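# Close look at the chain arrangement
This is what each chain is made of:
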Amino acid sequence: MENKSALLVGASGLVGGKLLNFLLASPEYTKVLILVRKPLGVKHPKLEERVIEFEDLAQYKDCFKVQDVFCCLGTTIKKAKTQEAFKRVDMDYPLEIAKITSEMGAKKFLVVSSMGANPKSTIFYSRMKGLLEQKLTEVGIGSLHIFRPSLLLGDRKEFRFGEKVSGFLTIGLSFIFVGSLKKYKPIKAKAVALAMYKAAQRNEEGIHTYLSNEITEMS
Ligand SMILES: NC(=O)c1ccc[n+]([C@@H]2O[C@H](COP(=O)([O-])OP(=O)(O)OC[C@H]3O[C@@H](n4cnc5c(N)ncnc54)[C@H](OP(=O)(O)O)[C@@H]3O)[C@@H](O)[C@H]2O)c1
């Protein structure tokens, strides 16, 4: 077994929190490093937590010497308040982390994007996700894994009205998500996290993009 190390950003989030549990429980990783804005309050012998300033990622280069990088960062326009601030979190930070980790020798980069990601979309959110995907493919990462989940299901600390309503509606209508509509079916955050963990254990070079139904099948 290799002595692998993982870097996880977004560990305090819905997907990132589940992924952190998988990484800490895994015998594959001897070190799990998380970069956070405030302490998570999780204690584990394998866990190394660094509270950092994301606006100044380059100064933490020493942290970026890992094998596998997991990115679950993201915000909402409501929280970010401006499109520019949203772009920093959903596109600029992931891209900068990918560039630095790649430079420092990381072999794999796994990132949560979104269903509908498209660099030419007229919808700002989908365009940001699409642009992130496009720019990541240009970094030259040996093994890039892009996850495009549909609506995420899971217990969130904060209340997101749109998510709750869509979640209830789509669960009630889950029978319609068959055939070509399967990729629209809401997905548990835990399933996304498990699929990310599993993809990292495969030694597959190249660029891999997973639609929501494929993520469900992997988990
Ligand atoms: N919600 C959905 O239905 C859905 C659907 C498809 C795709 N996605 C995408 O899936 C990804 C993960 O979603 P999620 O629901 O797990 O996210 P989440 O629960 O909102 O967690 C987001 C993570 O990003 C971090 N973050 C936010 N703003 C930050 C900032 N300014 N600086 C540094 N870190 C920051 C948060 O840290 P703090 O705790 O410090 O804020 C948290 O760890 C996101 O990219 C999202 O766009 C979501």
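Above this text is the structure in question.
Rules behind the numbers
- Residues numbered from 1 in each chain as written.
- Predicted model: local features only at pLDDT ≥ 70, side-chain atom pairs only at ≥ 80, totals over all residues.
- Heavy atoms only, no water.
- Axes fitted to C-alpha atoms, helices over the stretch in contact; angles between N-to-C directions.
- Helix = DSSP H or I, 4+ residues; strand = E, 2+ residues; numbered from the N terminus.
- Parallel < 35°, antiparallel > 145°, perpendicular 65-115°, else oblique.
- Left-handed = near helix turned anticlockwise from the far one by under 90°.
- Contact = heavy atoms within 4.5 Å.
- Nonpolar A, V, L, I, M, F, W, Y, C, P; charged D, E, K, R; others polar.
- Expected span 1.5 Å × (residues − 1).
- Bend = angle between axes of the 7 residues up to and from the residue.
- Buried < 20%, exposed > 50% of the residue type's maximum accessible area, 1.4 Å probe, protein only.

### Some points on the packing of helix α3 (residues 83-103) against helix α4 (residues 124-137)
Contact geometry for α3 and α4: axes closest at 10 Å, N-to-C directions at 15 degrees. With respect to their mutual orientation, α3 and α4 come out roughly parallel. In the packing of α3 onto α4, the handedness of the crossing is right-handed. Each of Q83, F86, K87, D90, M91, P94, L95 and A98 in α3 lies in contact with α4, whose residues at this interface are F124, Y125, M128, K129, L131, L132, K135 and L136. Residue composition of the contact of α3 with α4, grouped by class: 11 nonpolar, 1 polar and 4 charged.

### Focus: the environment of E205
Structurally, E205 can be placed in the loop between α6 (189-201) and β9 (206-211). Sequence separation between E205 and A58 is 147 residues; the distance between their C-alpha atoms is 26 Å.

### Some remarks on α3
Taking 1.5 Å as the rise per residue, α3 with 21 residues should run 30 Å; its terminal C-alpha atoms sit 29 Å apart, in good agreement. Along α3, the helix axis deviates most sharply at V89, where the bend reaches about 35 degrees. Within α3 the residues assigned to the buried category are F86, V89, D90, M91, D92, Y93, P94, L95, I97, A98, I100 and T101. The secondary structure elements touched by the buried residues of α3 are β1 (4-9), β4 (68-71), α2 (77-80), β5 (108-112) and α4. After α3 finishes, the residue G105 shows a positive phi value of roughly 105 degrees.

### Things to note about the side chain of D68
Of note, D68 is situated in strand β4. Its relative accessible area of 1% is what places D68 among the buried residues.

### Some details on the packing of helix α1 (residues 14-25) against α6
Relative to each other, α1 and α6 sit at 50 degrees, their axes nearing to 8 Å. Judged on the interaxial angle alone, α6 and α1 are oblique. In terms of crossing hand, the pair formed by α1 and α6 is right-handed. Facing L14, V15, K18, L19, F22 and L23 of α1, the residues of α6 in contact are A189, K190, V192, A193, L194, M196 and Y197. Here the residues of the contact of α1 with α6 are counted per class, giving 11 nonpolar, no polar and 2 charged.

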